[in-house]
Amino acid sequence: MREKISVIVPVYGVEKVLGRCVDSLLAQTYENLEILLVDDGSPDGCPALCEEYAEKDARVKAVHKENGGLTSAWKEGVRHASGELLGFVDSDDWVEPDMYERLKSALDKGQADIAMAGLVFDYEDPSYPPRKETNRMDREVYDRQGLESLYPVLLNDGSFIGRTIQPSRVTKLFKKQLVVQNLDLWEERVTVGEDLQMVFAAVLDAQRVCSVPDYYPYHYWYNGYSMTGGHDPDYLSKILLLKHRLEAISDAKGVYDFRPQIRNDFLSLAVMAVKNEIWRNHTDSFRQVLKNVKKMCEDPSVREALGHHTMDRIGLSVKCYIFMMKHGWYLPCYLVTKGFFTWYYRRRGKDNGE
C-alpha cells in the first residue's frame, strides 16, 4: 500500500464554509488519506460538524482542544497524525481533487523531502480576478547543494518581500519526520508569518526539495474581511516576534547567516505596518496616527533595519517610504499613503463601472 498522507485542518469559526474544505479533501484521488480536523475550541457549530464528518467517513478524525491559535492547532494535528507524509489545509480554503496525488508523485520522482505547488487567491468580491502565486525557483528538483545555493536569497532576494520559496505550508507535502523534528522551534505566539517560520526550518533540514511547475491546486479564499483588512495596532510587535523567531531558527540550524535577509524581510513588513496604520486606523485622530507612525519608525529594530538593509531591487515607491521613515518625514508619509490609496480605490470603482 502507498504511504499514508495525513492532512491537518485547523478549524475555528468556519461553520459556513467548512463543508467546502472537507468535501474537497474527501474527493482526493489519492486514496490512502487521513484527514485530521483539529477543532481549536471553536465557539460555533464546528465541533459538531467535525464529529459528523468523522462518523460518516473513516478517513476523517476529529481532534478537539482548547483555543490556542493556528500554530498550536496544526501542531496538535501533527501529534495525532499516523501518516508518513503531512499536508496542511486551512478550513476556509479548498483544493483540487488531484493535489495530493500529484504532490506525492513529484515527491517520489524527485526522491525529495518536500514537494510544493502554487496557489490561487480566490476573492469573494468578483471584481477582483483570481491571482496565482508560486515559488521563485528555476528548477523542479533541488538537491542539498542546490538548496544551499539558494541560501543567499532564500528569505530575501533584494526586492520588497522577496522570498524565494513561497512560504505557505498549505501548498506543500512534507515527510513527517521533517516536521516533527522542528515542532519545538515553531513559536505558537507567532500570528504573522506562522507559515514562514515553519517552512524556513523545514527547508534548512531538507536534503531534497521538488516543485510541480505551473500547477495551482490550492484555493486560498479571500472573503470581504480578508480583502478590506483591518487596523492592527499590535502589528509591529507581531512582526518583531517573527523576526526574533526567524533569527532563533537561523542560529539553531547554523548552516548560513540569514540575519541580513531577516532584516530585509522585517523592514518590508515594517513598511506595510506604517501603511496599515495610516490607511486603516479610523479610530485615532490625525495627530495620534502620526504619533503612532513616529513610535513605529523610532523602534530600535526598525531604525536598525532602515539604516542597514541590503535591498537593492526595490522600486521607487518603496525607496521613498524607507527614506521618509528613516528621516522622520511622517507627515509626507501620511499624505503619500492617503493619496495613493484614495486614488487606487477610486480607480477601482471607475474600472468596475461604479
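Above this text you will find the structure in question.
Residues numbered from 1 in each chain as written. Predicted model: local features only at pLDDT ≥ 70, side-chain atom pairs only at ≥ 80, totals over all residues. Heavy atoms only, no water.

K.L.:
When you look at the nonpolar core in this model, what are you seeing that I'm missing?
P.N.:
Across soluble globular proteins, you tend to see nonpolar side chains buried next to one another. Judged by nonpolar contacts, the single largest core of 111 residues is most densely connected at Phe88 and Tyr100. Tallying contributions element by element places helix H10 (residues 259-280) first for this core, with nine residues. In contact with Phe88, other than residues within four places in its own chain, are Ile8, Trp74, Val78, Tyr100, Arg169, Val170, Phe174, Val179, Met198 and Tyr218. (Core = buried A, V, L, I, M, F, W, Y, C linked by side-chain atoms within 4.5 Å. Buried < 20%, exposed > 50% of the residue type's maximum accessible area, 1.4 Å probe, protein only. Helix = DSSP H or I, 4+ residues; strand = E, 2+ residues; numbered from the N terminus. Contact = heavy atoms within 4.5 Å.)

K.L.:
Whenever I open this one, the packing of helix H1 (residues 18-26) against helix H2 (residues 46-56) confuses me. Can you help?
P.N.:
When two helices pack together, their arrangement is given by the angle between the helix axes and by the axis-to-axis distance. The interhelical angle for the contact between H1 and H2, taken along N-to-C directions, is 20°, at an axis separation of 11 Å. One way to sum up the angle between H1 and H2 is to call them roughly parallel. By crossing handedness, the relation of H1 to H2 is classed as right-handed. Packed against H1, whose contacting residues are Leu18, Gly19, Val22, Asp23 and Leu26, the element H2 presents Cys46, Leu49, Cys50 and Tyr53 at the interface. (Axes fitted to C-alpha atoms, helices over the stretch in contact; angles between N-to-C directions. Parallel < 35°, antiparallel > 145°, perpendicular 65-115°, else oblique. Left-handed = near helix turned anticlockwise from the far one by under 90°.)

K.L.:
How do you make sense of the environment of Ser211 when you look at a structure like this?
P.N.:
Here Ser211 shows up in strand E11 (residues 209-211). Judged by its relative accessible area of 13%, Ser211 is buried. Once the C-alpha coordinates of Ser211 and Met272 are considered, the two residues, 61 residues apart in sequence, prove to be 29 Å apart. Setting aside chain neighbours within four positions, we find Ser211 in contact with Met116, Arg139 and Glu140.

K.L.:
Whenever I open this one, the packing of helix H12 (residues 300-308) against helix H13 (residues 316-326) confuses me. Can you help?
P.N.:
Packing of H12 against H13 leaves a shortest axis separation of 10 Å and a crossing angle of 125°. As judged from the angle between their axes, H12 and H13 are oblique. Once H12 is placed against H13, the crossing between them reads as left-handed. On H13, the residues that touch Val302, Arg303, Leu306 and Gly307 of H12 are Ile322, Met325 and Lys326. Its residues placed into classes, the contact of H12 with H13 shows four nonpolar, one polar and two charged. (Nonpolar A, V, L, I, M, F, W, Y, C, P; charged D, E, K, R; others polar.)

K.L.:
Mind showing me how you'd approach empty space enclosed by the protein here?
P.N.:
Left-over empty space is what a probe sized like a water molecule reveals as it rolls over the atoms. Taken as a whole and assessed by the stated rule, the structure comprises one cavity of 30 Å³ or more. Around the largest cavity sit Leu154, Leu155, Arg163, Ile165, Pro167, Leu196, Val199, Phe200 and Val203, which together line it. Looking at the lining of the largest cavity residue by residue, the class counts come to eight nonpolar, no polar and one charged. (1 Å grid on protein atoms, 1.4 Å probe; cavity = no way out; pocket = protein on both sides within 12 Å on 5 of 7 lines; lining within 4 Å. Points joined across faces, edges and corners; volume = space filled by probe spheres on them.)

K.L.:
Can you walk me through the layout of surface pockets in this structure?
P.N.:
Considering only enclosed or pocket space, the second largest pocket measures out at about 200 Å³ in volume. If you go around the second largest pocket, the residues you meet are His231, Pro233, Asp234, Leu236, Ser237, Glu277, Asp284, Asn292, Lys295 and Met296. Residue assignment for the lining of the second largest pocket shows that the elements contributing at least two residues are helix H9 (235-253) and helix H11 (286-297). Top contributing element to the lining of the second largest pocket by residue count: H11, with three residues.

K.L.:
Whenever I open this one, the pairing of strand E2 (residues 33-40) confuses me. Can you help?
P.N.:
The two faces of a sheet get side chains in turn, since along a regular strand they alternate between them. Counting buried residues along E2, eight of its eight residues qualify, which places the element largely inside the surrounding structure. Of the two faces of E2, the one lined by Leu33, Ile35, Leu37 and Asp39 and the one lined by Glu34, Leu36, Val38 and Asp40 are each fully buried. Across seven bridges, the pairing between strand E1 (residues 5-11) and E2 is parallel. Looking at E2, one finds that Ile5 is bridged to Leu33. Crossover handedness for the path E1 to H1 to E2: right-handed. In this sheet, strand E3 (residues 60-65) lies alongside E2 in parallel orientation, the contact comprising six bridges. Note on E3: the bridge partner recorded for Asp40 is Lys65. (Pairing = 2+ DSSP bridges. Right-handed = clockwise from strand over helix to strand, strands pointing away.)

K.L.:
Help me out: how do you make sense of helix H3 (residues 70-80) in this one?
P.N.:
Along an α-helix, a turn takes 3.6 residues, which lines up residues three or four apart on a common side. Within the span of H3, buried status applies to Thr71, Ser72, Ala73, Trp74, Lys75, Gly77 and Val78. Those residues of H3 that are buried are in contact with E1, E2, E3, strand E4 (85-88), helix H6 (176-180) and helix H7 (194-205).

K.L.:
Looking at this model, I keep getting lost on the sheet that holds E4. Mind explaining?
P.N.:
Two orientations exist for strands paired in a sheet by backbone hydrogen bonds: parallel and antiparallel. One open sheet holds the eight strands; their spatial order is E3-E2-E1-E4-E10-E6-E11-E9, and the pairing between them is mixed. Every interior strand has two partners, whereas the edge strands, E3 and strand E9 (141-142), have only one. Where strand E6 (residues 114-116) lies against E11, three bridges are found, and the strand directions are parallel. The residue bridging Ala115 from the neighbouring strand is Cys210, located in E11.

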